Each structure stands twice: as structure tokens, then as C-alpha cells.
Amino acid sequence: MIRKVKGTRDILPPESRLWAAVEAEARRIFGGLGYEEIRLPLLEPTELFVRGVGEGTDIVTKEMYTFADRKGRSLTLRPEGTAGVARAFIEDGLAQRPQPQRLYYIGPMFRYEKMQRGRYRQFGQIGIELLGAATPSADVEVLLALHEFLAALGFDDLIIMLNNLGDPEDRPRFVARLKEELAPHKHELCRDCQRRWDENPLRILDCKVDTCHAIVAETTPIADIVSGEARAHVETVAAGLDALGIPVQPAPRLVRGLDYYLRTVFEVVSPQLGEGTVICGGGRYDRLISDLGGPPVPGIGFAIGEDRLVDVLPQTFRDRILGTRPVVILPLAAEATAPAFDCARNLTGHGIEVRIEVTGRSLRAGLKWATKLGARAAVILGPDEIAAGTATLRDLDRGEQEEVSLEKLPAVLMQDGPEVPSRRLP
RNA sequence: GUGGGCGUAGCUCAGCUGGUAGAGCACAGGAUUGUGGCUCCUGUGGCCGUGGGUUCGAGUCCCAUCGCCCACCCCA
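Every value quoted in this text rests on a predicted model; they were computed, and no experiment measured them.

Asks: Tell me about the sheet that holds strand E2 (residues 43-45), residues and numbers included.
Replies: Strand order across the open sheet formed by three strands is E2-E4-E3, with antiparallel pairing between neighbours. The two strands at the open ends of the sheet, each matched to only one other strand, are E2 and strand E3 (65-68). On average, each strand axis in the sheet is tilted by 35 degrees relative to the strand beside it, whichever way the strands run. The sheet contact formed by E3 and strand E4 (residues 74-77) spans four bridges and is antiparallel. Paired with alanine 68 across the strands is serine 74, a residue of E4.

Written as C-alpha cells, this is what we have:
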């Protein structure tokens, strides 16, 4: 048997419906705020990510799907979306269009990692990027878009965590200060943090080990050390969000794994998955485009992990999407075939979801089949009905049925709306 | 990359100290002619992950290998 590549997965119906619905909501919400879709290659030159994401990051050092093509060029399956957007911004001259540029993307990313729950080698991301605006308002807008999207999906327990990473110039100063404050407790830190001490001191901040957590809690937050301008920037963002009633939790220890972030950084976590499994991550990246050889255009954006999002989707949303019930059409004779399809065309034209029996089942078997599908009604078309130009419409919940002329069928079925939510489906 | 658990039907699993494979669910059909849900009957479906070894004989014992899952790490 040929099996799927490790870390990839098959998304089957009905779960695929949830994905489609989530994406539809994203297009609706982000589109409403002026964001337009950008579709980019899954394959990029390796150098893009080395320079964009950062040479020392875990993503670049050990998580990239990199290989040589037939002419020996090093290519990489994109591990994230922002670098590609920045590349396109430069290459396609998006700076020549009205600024700022509002873009969103939906699609798979690839990281060569050992997988576990909520972590795959191919995973879906939905992200937006706002390019060409450096103001706190830009940040507020992006967070607003995020919040609106999550709200549209019915989430009410997700937490947006916000921190200020300062400007790159602040970084050495902060690292020095951190090490200074941590030095007395250095030997108390966990083994991983001992390693991080030299490799990536900032990562000690969001260590989940209790003892480390306690030690780190005593250190001075980055936000208190960053320079005046960067500090004011994020404080203004926080105030802006507060004014909109968007709840944000300050996260002084929040650090992100990609090098290009500065100032505003944020993550969304779910109480269900715990803080270890981030659903959305984002932040400001004012140097990225210039670092890649483009103009000095600031940017901010985020990426939502679609797999994880679908995993914790509120029950109300799941029910709304999965709970639709079709109308089954059962032709009982050869001469009923054409009328059955005609009827299907008629009903679908009214937004009624149908399912036509095409395997030649008996009426009895057809009704069993309809029940298994969770159909709300069956349209029975036998010789008698065809002769009379009618259909027998059977309500599968009440077990009652009536003769309805084919023309009136849509109207009768529409009395309860085109789709009637069913009892809860798995 | 490190550590642990598990591979028998589409799914969940049983199969004792070795004797050539089972259940439930699911799927398909039927139980009076054109009427579902409950019940009953029948059927489809497995080279027991793969390869090798021990043995008269391996789902069962041994070795290897592949795959899956969980945790760490990191992230979406």
C-alpha cells in the first residue's frame, strides 16, 4: 500500500467542510477590511528563508524541507508565509501601488519536524500582512482583523497575548540585562535553559518549566527596557485595542522564534491546547523587506495555524457547518430518472442540498440510505407520481408524507429554510 | 535530534503456555407488492505492518526493518 508522506494528512469529508467554512470566513472578514488574496509559490529559493526568517532560527537550521532541483539549485518548501510575501512585494513592485498594501494568504506550509498532536510537516496557515504602515494604528487594525475573524468563528475563550520586543538595537542591551538578573540563579535553571543561555537567552523567558518560570517572573520585562519610541508604539497599540474592547493579555515573557519580529509581537493560545500549542503568531517586521534588498517598508501581520484552529473550533460553529441536512431524491422507475434530475436541478436552484439515488436501490433501501445520511426529507418519484406530475414528499423526522406537485416542491421544502440543522453530528 | 508506547477487517479490539483468524460497529442486500429509524437474517471485507530466523507447524517466540502515536525541543 502506498502511504501518505509522514507528517502530511488527508482531510476527508466532513472535516473538509470545516476547513472550507473557516477559509470562507477568513475571506469574508479580511476581505471586508480591504485585504486581498495573494497566491504565492510553495517553492522558493532557500536563501529567501535563510535571510528572511534568520540564519540561527530553528526553522532554518533544522526544520526546512530543502532539496536541490535538477540543476542543483537549492529550493525550499515554504516554512512560513511572510518571507514570500516580502519577496513578492519587492519583486512585483507592490511599493508602486497605493500604500499600504493589505494582503492575505491561505495555504500549506512545510516544516521538517517530528510530529505530534497539532504539529504536522505540512500544515495550513491563514495569514494577513499589512505592508507600508508603521503606525500603531496599523497594528491595531491587524489585531482587529484577527479578533473579528476569531469572533466570527464563535470563539470566546481564546487569549491574545501581547508583548513588546523593542527595536533590534534594544536587543543586546536587554540580553545583557537579562543575563545579569538571571546570573545568580543560573544553576537553578533547567537543562534546556542552560543551553539557551548561550544559544538564545531570550527563549529562557518563555520556558514552561515551573522553576524557570518563577525565576524569570522576577526579571525586568523587555517592555520596560525598550527605547522610548518603541515603547510608546506598543503602549499606543494596547490602548487602541482597549478602546475597541478587544481583550489582550500582556505577556512580558512572550518571545517569538523568528528573527524578523520587532516591537509588537503576539500569540493566540487556546485553554484547550495549552500555551505550548500556539494557534496564531504574529508581529511587526519593519526591517524584513529592506533586509531582503527591498525598500524600507514596514510591515505587520500574523499567521493562524489552520489545523489547530479547526481542532478547537467552537461546537456552535461545527454544528452550523456539519449539521446541514440534504433532501434525498428517490427515482423508482426508469421513467423517473429524468424527472429526478430535473427535480434536483430545481431544488438546488433554491439552495436546497439534494442527494439523488443512483445505485438502483429499492424504495426500502433508499429510505434506509436517506436515514443514514441524516436527510430531512425524501422525494419519492415512482410510476404513479410521474403519471400525475407530482412527487411524494416524505418528512423523515415525522414519518408523514404528502403528494406535492413538482412545481410546488421547492416552496414546501423552503418553509423550514433551505437547510435545517440536524441533531448534533460527530 | 532525544526518550517512551503501539502495529490483527474501513473503525474499536479479542485471539490463553505456538496448531493455518474472530466479535462489535460500519458497509451492502433481505425479512409480503412502493415506505426508513428498533429487531432479526445473510453477505462483502484481513498474505495478522514488512522481511528473515527457530519449529513438523508462528498472529502467538527471536532478530531486523518500516509505520503510527505520545512527550521533550520548537512552533502554526
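This is not the end of the story, as more comes after the structure.
Asks: Before we move on, can you summarise the pairing of strand E12 (residues 327-331) with the specific residues and values?
Replies: Summarising burial for E12: five of the five residues are buried, a large majority. Side-chain alternation along E12 places Val327, Ile329 and Pro331 on one buried face and Val328 and Leu330 on a second face that is also buried. Judged from the three bridges that link them, E12 and strand E13 (residues 354-356) form a sheet pairing that is parallel. Opposite valine 328, over in E13, you have arginine 355 as the bridge partner. Read as a crossover between parallel neighbours, the route from E12 over helix H14 (residues 337-349) to E13 is right-handed.

Asks: Give a detailed account of the side chain of glutamate 44, specifying residues and quantitative values.
Replies: With respect to the helices, strands and loops of the structure, glutamate 44 is situated in strand E2. For glutamate 44, a relative accessible area of 4% gives the class buried. Non-local contacts of glutamate 44, meaning those with residues more than four positions away in its chain, are made with Phe49, Ser74, Leu75, Thr76, Gly84 and Arg87.

Asks: Give me the lowdown on the protein's contact with RNA strand B, citing residues and values where you can.
Replies: As a structural note, the neighbourhood of RNA strand B is formed by 55 residues, with Arg111, Arg203, Arg256, Gly276 and Leu396 the closest of them. Counting only the atoms of RNA strand B within 4 Å of the protein, the fraction contributed by sugar and phosphate is 52%. Between RNA strand B and threonine 277 there is a distance of 3.3 Å, counted from a base nitrogen to a backbone nitrogen or oxygen. Contacts to RNA strand B include aspartate 384, whose backbone N or O atom sits 3.2 Å from a base oxygen. Those elements that place two or more of their residues in the surface near RNA strand B are helix H3 (58-62), strand E6 (122-131), helix H7 (191-199), strand E10 (274-284), strand E11 (299-305), helix H15 (363-373), helix H16 (383-388) and strand E15 (390-395). With seven residues, the single largest contributor to the surface near RNA strand B is H15. In the surface near RNA strand B, the residues fall into 15 nonpolar, 14 polar and 26 charged.

Asks: Account for the packing of helix H1 (residues 15-32) against helix H5 (residues 136-152), naming residues and giving values.
Replies: Direction vectors running N to C along H1 and H5 enclose 140 degrees, while the axes themselves pass 10 Å from each other. In this view, H1 runs oblique relative to H5, as classed from their interaxial angle. The two elements H1 and H5 meet at a crossing, and its hand is right-handed. Along its contact with H1, which presents Val22, Glu25, Ala26, Arg28, Ile29 and Phe30, the element H5 presents Ala145, Glu148, Phe149 and Ala152. Taken together, the residues of the contact of H1 with H5 break down into seven nonpolar, no polar and three charged.

The rules behind these values
- Residues numbered from 1 in each chain as written.
- Chains lettered and ligands numbered in written order.
- Predicted model: local features only at pLDDT ≥ 70, side-chain atom pairs only at ≥ 80, totals over all residues.
- Heavy atoms only, no water.
- Pairing = 2+ DSSP bridges.
- Helix = DSSP H or I, 4+ residues; strand = E, 2+ residues; numbered from the N terminus.
- Axes fitted to C-alpha atoms, helices over the stretch in contact; angles between N-to-C directions.
- Buried < 20%, exposed > 50% of the residue type's maximum accessible area, 1.4 Å probe, protein only.
- Right-handed = clockwise from strand over helix to strand, strands pointing away.
- Contact = heavy atoms within 4.5 Å.
- Near = heavy atom within 4 Å.
- Polar contact = N/O pair within 3.5 Å; in protein donor to acceptor, adjacent residues only side chain to side chain.
- Nonpolar A, V, L, I, M, F, W, Y, C, P; charged D, E, K, R; others polar.
- Parallel < 35°, antiparallel > 145°, perpendicular 65-115°, else oblique.
- Left-handed = near helix turned anticlockwise from the far one by under 90°.

Read these as spatial facts, not as claims about activity.
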